[in-house]
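Analysis of the macromolecular model
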Amino acid sequence: MRRGIEQGERKVILRQLRKRLGQLDGQTEDRINALSADRLEELEEALLDFANLADLEVWLESRA
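What comes next concerns the included structure.

Let us now look at the packing of helix H2 (residues 26-33) against helix H4 (residues 53-62). When two helices pack together, their arrangement is given by the angle between the helix axes and the distance between those axes. Orientation of H2 relative to H4, taken along the N-to-C sense of each, is 45°, at an axis distance of 11 Å. In terms of axis orientation, H2 runs oblique to H4. Two packed elements cross with a definite hand, and for H2 against H4 that hand is left-handed. Residues Thr28, Arg31 and Ile32 of H2 lie in contact with H4, whose contacting residues are Leu56, Glu57, Leu60 and Glu61. For the contact of H2 with H4, the residue count by class is 3 nonpolar, 1 polar and 3 charged.

Structure follows, in C-alpha cells:
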C-alpha cells in the first residue's frame, strides 16, 4: 500500500513540475522516479520555489 502511495506522489509531483516548468526530458523524470520517499517530500516543497528547469537540475544535483 505504501508503494502505491509513493507512486501517486511521484505522479502528482511530476504533473506539478510539468505545469510549472514545461515538459521534462526522460532523464530528468528518471532521476525524479529514483528519489527516495524522503527526497520526494523535499522536492514537493522545493518545487514551489523553482522558476525554471535549471532550478530543478540544481536541486537534483545537490541531492545526488
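On we go from here.
With that settled, the discussion passes to the environment of Trp59. When you line up the elements, Trp59 lands in helix H4. Classification of Trp59 by relative accessible area gives buried; the value is 6%. Each C-alpha atom, one on Trp59 and one on Glu42, is 9.9 Å from the other, the two residues being 17 residues apart in sequence. Each residue touching Trp59, except ones within four places of it in the same chain, is listed here: Leu35, Arg39, Glu42, Leu43, Ala46 and Phe50.

On inspection of all chains with the given rule, the structure shows 6 salt bridges. Put simply, Glu57 and Arg31 hold a salt bridge, and the shortest N to O gap is 3.0 Å. Residue Glu57 is found in helix H4, and its partner Arg31 is found in helix H2; the two are separated by 26 residues along the sequence. Measuring nitrogen to oxygen at the nearest pair gives 2.9 Å for the salt bridge that ties Glu61 to Arg31. Here Glu61, found in helix H4, pairs with Arg31, found in helix H2; they are 30 residues apart in sequence, far enough to count as distant.

The rules behind the values
- The numbering scheme is per chain: residues are counted from 1 as the chain's sequence reads.
- Where totals are concerned, whole chains, interfaces and linings use all residues; where local detail is concerned, this predicted model gives features only for residues with pLDDT of at least 70, and gives and counts side-chain atom pairs only at 80 or more.
- No hydrogens and no water enter the side-chain calculation; it runs on all heavy atoms of the structure.
- Lines fitted to C-alpha atoms define the axes, with helix axes restricted to the stretch in contact, and inter-axis angles between N-to-C directions lie between 0 and 180 degrees.
- Numbering goes from the N terminus for both helices and strands, where a helix is a DSSP run of H or I of at least four residues and a strand is a run of E of at least two.
- To sort the angles, those under 35 degrees are grouped as roughly parallel, those over 145 as roughly antiparallel, those from 65 to 115 as roughly perpendicular, and the leftovers as oblique.
- Should the near helix be turned counterclockwise from the far one by less than a right angle, the crossing is left-handed, whereas a clockwise turn marks it as right-handed.
- Contacts are residue-level and defined by heavy atoms, with any inter-residue pair within 4.5 Å sufficient.
- Any residue that is not Ala, Val, Leu, Ile, Met, Phe, Trp, Tyr, Cys, Pro, Asp, Glu, Lys or Arg is counted as polar, Gly included; the first ten are nonpolar and the last four charged.
- For every residue, the accessible area obtained with a 1.4 Å probe (protein chains only) is divided by the maximum for its type, and the residue is called buried under 20%, exposed over 50%, and partly exposed between those limits.
- Any Lys or Arg side-chain nitrogen located within 4 Å of an Asp or Glu carboxyl oxygen qualifies as a salt bridge.

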